[in-house]
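A look at the structure
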Amino acid sequence: MDMTRRRFEELVADALDTIPPELTSAMDNVVVLVEDRNTEEPELLGLYEGVALTERSTSYGGVLPDRITIYQDAILDVCADADEVVHEVAITVVHEVAHHFGIDEETLHELGWG
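Since this is a predicted model, take the numbers as computed values, not measurements. (Residues numbered from 1 in each chain as written. Predicted model: local features only at pLDDT ≥ 70, side-chain atom pairs only at ≥ 80, totals over all residues. Heavy atoms only, no water.)

Mapped onto the secondary structure, Glu-88 falls in helix H4 (residues 82–100). Although Glu-88 lies buried, it forms no salt bridge, and the closest oppositely charged side chain, Arg-37, sits 13 Å away as judged by the N-O distance. Setting aside chain neighbours within four positions, we find Glu-88 in contact with Leu-45, Ile-75, Val-78 and Cys-79. (Helix = DSSP H or I, 4+ residues; strand = E, 2+ residues; numbered from the N terminus. Buried < 20%, exposed > 50% of the residue type's maximum accessible area, 1.4 Å probe, protein only. Lys, Arg positive; Asp, Glu negative; His and termini not counted. Salt bridge = Lys/Arg side-chain N within 4 Å of Asp/Glu carboxyl O. Contact = heavy atoms within 4.5 Å.)

Written out as structure tokens, the structure reads:
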């Protein structure tokens, strides 16, 4: 599967747009990025790095934004066509945003977002 970076970034933006506004407005100090691949785990589709909202205390401040990274090449590797890419991007974006809200892997898998 092949796709331009621009088109892939549009899919990530579209996936973010499907998240209810009451949740996106609660997102705080987080940036969403697209990269080719995770260098340590090349098959990883997405990664959340930061301090989840549920773990922040009154001492939280003056820190760089949390990072949600969506890995384009890894997603394209597991998809056969454009429709699968759209679906996988949506699942990956929701999965990583959920981590920002403090939802763990086990709960995400139970909810079908694993």
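Once you've had a look at it, read on.
Let us look at the pairing of strand E2 (residues 46–49). Within a regular strand, the side chains alternate between the two sheet faces. By the alternation rule, side chains of E2 split into Gly-46 and Tyr-48, which are all buried, and Leu-47 and Glu-49, of which none is buried. Strand direction decides the pairing type here: E2 and strand E3 (residues 66–71), joined by 4 bridges, are antiparallel. Within the sheet, the bridge partner assigned to Tyr-48 lies in E3 and is Ile-68. (Pairing = 2+ DSSP bridges.)

Right, let's talk about the side chain of Asn-38 for a bit. Summarising the element assignment, Asn-38 is placed in the loop between strand E1 (30–35) and E2. On the basis of relative accessibility, which here comes to 12%, the residue Asn-38 falls in the buried class. One polar contact links the side chain of Asn-38 to the main-chain amide nitrogen of Glu-41, over a distance of 2.7 Å. A polar side-chain atom of Asn-38 sits 3.1 Å from a polar atom in the side chain of Tyr-71. Sequence-distant contacts of Asn-38, that is, excluding residues within four places in its chain, are made with Leu-44, Leu-47 and Tyr-71. (Polar contact = N/O pair within 3.5 Å; in protein donor to acceptor, adjacent residues only side chain to side chain.)

Here we come to unusual backbone geometry. Even without being a glycine, Asn-29 presents a positive backbone phi close to 55°. With respect to the element layout, Asn-29 can be found in the loop between helix H2 (21–24) and E1. Its relative accessible area of 26% is what places Asn-29 among the partly exposed residues.

All right, on to the nonpolar core then. Ranked by internal contacts, the top residues of the largest apolar core, which has 19 residues, are Phe-8, Val-12, Ile-70, Ile-75, Val-85, Val-89 and Val-93. Those elements that place two or more of their residues in this core are helix H1 (5–17), E3, helix H3 (72–78) and H4. Aside from chain neighbours lying at most four places away, what touches Phe-8 is Met-3, Val-34, Ile-70, Tyr-71, Gln-72, Ile-75, Val-85 and Val-89. (Core = buried A, V, L, I, M, F, W, Y, C linked by side-chain atoms within 4.5 Å.)

Strand order in the open sheet formed by 3 strands is E1-E3-E2, and the pairing between neighbours is mixed. Since the sheet does not close on itself, it has two edges, and those belong to E1 and E2, each with one partner. Ignoring which end each strand starts from, the neighbouring axes of this sheet average 15° apart. For E1 and E3, the ladder comprises 6 bridges, and the chain directions are parallel. When the bridges of E3 are listed, Val-30 appears paired with Asp-66. Running at roughly 145° to E1, H1 makes contact with E1 and E3 of the sheet. (Axes fitted to C-alpha atoms, helices over the stretch in contact; angles between N-to-C directions.)

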